[in-house]
Amino acid sequence: MLFMSSFITSIGQQTKPLRIGIAGLTHDHVHGLLAKAHDGVIEIVGIAEPNRALAERYLKQYNLPLTLLYSSLEEMLDKCKPEAVCAFNSIYEHLETVKACASRKIHVMVEKPLAVSLDHAKQMQTLALKYGIHLLTNYETTWYGSNRKAFEMLDSVGDLRKIVVHDGHQGPKEIGVSKEFLDWLTDPVKNGGGAVIDFGCYGANLVTWLMKGERPLTVFAVTQQMKPEIYPKVDDEATIIVTYPKAQGIIQASWNWPFGRKDMEIYGLHGYMIADRNSLKKRTAETKKEEYATIPPPPSPYQDPFAYLAAVVHKEITVKPTDLSSLQNNMIVVEILEAAKKSAKEGKVIYLRK
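Residues numbered from 1 in each chain as written. Predicted model: local features only at pLDDT ≥ 70, side-chain atom pairs only at ≥ 80, totals over all residues. Heavy atoms only, no water.

Novice: Would you mind going over the sheet that holds strand 13 (residues 279–284) with me for this structure?
Specialist: Sheet strands pair by backbone hydrogen bonding; their relative direction is either parallel or antiparallel. One open sheet holds the nine strands; their spatial order is 14-13-12-11-7-10-9-8-15, and the pairing between them is mixed. Since the sheet does not close on itself, it has two edges, and those belong to strand 14 (291–294) and strand 15 (350–351), each with one partner. As judged from the seven bridges shared by strand 8 (residues 218–224) and strand 9 (residues 237–244), these two strands associate in the antiparallel manner. Within strand 9, the residue paired with V222 across the bridge is T239. Its contacts with the sheet place helix 10 (residues 200–210) against strand 7 (160–168), strand 9, strand 10 (247–254) and strand 11 (261–268), and it is angled at close to 155° to strand 7. Contacting strand 8, strand 9 and strand 15, helix 12 (residues 327–346) runs over the sheet at an angle of about 60° to strand 8. (Pairing = 2+ DSSP bridges. Helix = DSSP H or I, 4+ residues; strand = E, 2+ residues; numbered from the N terminus. Contact = heavy atoms within 4.5 Å. Axes fitted to C-alpha atoms, helices over the stretch in contact; angles between N-to-C directions.)

Novice: Even after reading the chapter, I still don't get the sheet that holds strand 2 (residues 42–48), so can you show me in this structure?
Specialist: Pairing is parallel across the open sheet formed by six strands, whose spatial order is 3-2-1-4-5-6. Strands with a single pairing partner mark the edges of an open sheet, and in this sheet they are strand 3 (69–70) and strand 6 (135–138). For strand 4 (residues 84–87) and strand 5 (residues 107–111), the ladder comprises four bridges, and the chain directions are parallel. Residue V85 lies in a different strand from strand 5, and its bridge partner there is V108.

Novice: What is the right way to look at the nonpolar core in this model?
Specialist: What tends to happen in soluble globular proteins is that the nonpolar side chains get buried as a cluster. Within the largest apolar cluster, 55 residues are counted, with the highest numbers of intra-cluster contacts made by L160, V207, L210, I240, I266 and M273. Not counting residues within four places of it along the chain, the set of residues in contact with I240 comprises V196, G200, V219, F220, A221, G249, I250, I251, I336, L337 and A340. Core analysis: the next-biggest nonpolar cluster, separate from the first, contains 36 residues, Y58, C86, Y308 and L309 among them. (Core = buried A, V, L, I, M, F, W, Y, C linked by side-chain atoms within 4.5 Å. Buried < 20%, exposed > 50% of the residue type's maximum accessible area, 1.4 Å probe, protein only.)

Novice: Would you mind showing me how to read the packing of helix 6 (residues 145–152) against helix 10 here?
Specialist: Helix-helix packing: each pair is described by the crossing angle between the helix axes and the interaxial distance. Between helix 6 and helix 10, whose axes approach to 11 Å, the crossing angle comes to 25°. Considering their axes alone, helix 6 and helix 10 lie roughly parallel with respect to each other. Crossing angle aside, the handedness with which helix 6 passes helix 10 is right-handed. Seen from helix 6, the contacting residues are N147, R148 and F151; seen from helix 10, they are L206, W209 and L210. Residues belonging to the contact of helix 6 with helix 10 are distributed by class as follows: four nonpolar, one polar and one charged. (Parallel < 35°, antiparallel > 145°, perpendicular 65-115°, else oblique. Left-handed = near helix turned anticlockwise from the far one by under 90°. Nonpolar A, V, L, I, M, F, W, Y, C, P; charged D, E, K, R; others polar.)

Novice: Would you take a moment to explain the pairing of strand 2 for this structure?
Specialist: Strand residues, when the strand is regular, have side chains that alternate between the two faces of the sheet. The buried fraction of strand 2 amounts to six of the seven residues, a majority that puts the element mostly inside the structure. Taken together, the six bridges between strand 1 (residues 18–23) and strand 2 define a ladder with parallel strand orientation. Directly across from G21, in strand 2, lies its bridge partner G46. Note: strand 2 against strand 3, two bridges, orientation parallel. Along strand 3, the bridge assignment pairs A48 with Y70. As for the winding sense of the linkage, the β-α-β connection from strand 2 through helix 2 (residues 52–61) to strand 3 is right-handed. (Right-handed = clockwise from strand over helix to strand, strands pointing away.)

Novice: Sorry if this is basic, but what is going on with the layout of surface pockets here?
Specialist: Over the atoms rolls a probe the size of a water molecule, and its path tells where empty space is left. In this structure, the largest pocket encloses a volume near 540 Å³. Taken together, 35 residues make up the lining of the largest pocket; nearest its centre are H29, Y139, E140, Y202 and K262. Listed by contribution, the elements that provide at least two residues to the lining of the largest pocket are helix 1 (30–34), helix 7 (172–175), helix 8 (179–185) and helix 11 (305–313). (1 Å grid on protein atoms, 1.4 Å probe; cavity = no way out; pocket = protein on both sides within 12 Å on 5 of 7 lines; lining within 4 Å. Points joined across faces, edges and corners; volume = space filled by probe spheres on them.)

Novice: What exactly am I supposed to notice about helix 3 (residues 73–80) here?
Specialist: For an α-helix the count is 3.6 residues per turn, leaving residues at separations of three or four pointing the same way. Looking at helix 3, one finds that the buried residues are L73, M76, L77 and C80. Down the axis, helix 3 shows its buried residues gathered within 95° of arc, on one side only. The N-terminus of helix 3 is capped by S72, whose side-chain oxygen sits 3.2 Å from the backbone nitrogen of E75. Just downstream of helix 3 lies K81, where phi reads positive at about 50°. (Arc of directions from axis to C-beta. Polar contact = N/O pair within 3.5 Å; in protein donor to acceptor, adjacent residues only side chain to side chain.)

Novice: Just checking my understanding: could you explain the packing of aromatic side chains for this structure?
Specialist: Think of a pair of aromatic rings as described by two things: how far the centres are apart, and how the planes are tilted against each other in angle. For the structure on display, the rule yields eight aromatic pairs. On the basis of an interplanar angle of 10° and a centroid distance of 4.4 Å, the ring pair of F151 and W209 is categorised as stacked. Residue F151 is located in helix 6, and its partner W209 is located in helix 10; the two are separated by 58 residues in the primary sequence. For F151, a relative accessible area of 26% corresponds to the partly exposed category. By way of ring pairs, the aromatic residues Y139, F199 and Y202 are connected into one cluster. The positively charged end of R148 is found above the aromatic ring belonging to Y302, 4.6 Å away from the centroid. Lying across the ring of W257, R261 places its NZ or CZ 4.9 Å from the centre. (Phe/Tyr/Trp six-rings, centres within 6.5 Å; stacked < 30°, edge-to-face > 60°. Lys NZ or Arg CZ within 6 Å of the ring centre and 35° of its normal.)

Novice: Just to check I follow, could you spell out the side chain of S279 for this structure?
Specialist: Relative to the assigned elements, S279 resides in strand 13. A relative accessible area of 15% means that S279 is categorised as buried.

Novice: Whenever I open this one, unusual backbone geometry confuses me. Can you help?
Specialist: Where the residue is not glycine, phi is negative for most of them; where a peptide bond is considered, it is trans in most cases. Omega for the bond connecting K112 with P113 falls within 30 degrees of zero, at -15°, which places this linkage in the cis form. When you line up the elements, P113 lands in the loop between strand 5 and helix 5 (118–131). The omega torsion of the bond from S300 to P301 falls at 5°, within 30 degrees of zero and hence cis. As for its position among the elements, P301 is in the loop between strand 14 and helix 11. The phi dihedral of K81 is positive, around 50°, even though this residue is not glycine. Position of K81 relative to the elements: it lies in the loop between helix 3 and strand 4. Residue K81 is classed as exposed on the basis of its relative accessible area, which comes to 58%. Positioned with a positive phi, K315 is a non-glycine residue whose angle comes to about 60°. Considering the arrangement of structural elements, one finds K315 in the loop between helix 11 and helix 12.

See below:
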């Protein structure tokens, strides 16, 4: 191993659990939060989910009391008074979640992407700024040690020229997501699109982060329906190209890959890096040959979205505008996705206004 991770654990486990409310249970990523219900970092104080059968099934699975369950978000917020809410409903419902929480000064973390449209995103941004709440977006790839290490080492490859991000799997139905999740994930209104949204957002988030929050000049995209018999209403294949004055990002989002993948390639003037979940390859003009290292998870709270949320709300860490979870980054993500959908529909390059 020719280079090592230099992460230093500086923040320990919270002594006071963060009081979390859950808005919706139809997003399968909610299992990641429910599984941490008894870890001492967070305390689930209420769950708003109108689908009683779904809620009872999950509460039983994770040994949680039925007294946590409420049929409406507003009732849960007023009776349970959480410090923060994690949204695990459809992307379309993110706006209503923020409307309910912001006026009550309750922080929000939504599952990726931030919003179903730029209009929704702008309304959410206005509310967050007006009421002074944190509005964060959670991506699985945010917590990969390899991605963080690559970001730390950007200077070693020189000025960025090309970033290629691959995200996807065989398809949501093929991998067996729940019916409740599949119903809205394949709905062009509730999800905003298919693979272009579901997996295109990862690449848009990572490219924006690597480009230090810079907005692209142009967006061009191609989407396809390779499996219309399974996904008749949305795309299942998408490629998005974003350009900058001296760099290019290629975002490959797919429900057609033979295996699930979340990795990226970073090319600079003097070298490249390839980051997978737990590993990093690097080659530069100085080292001549490719180096490989297994990268450990980041230190707490940067290896877990809910520990991170707790640290943010408890003011132990500060969210920078360029951070992966930040509102500023994710406003650009939604702008890229909306331009990508327009580009694919119209078959032309979309120029983003300054």
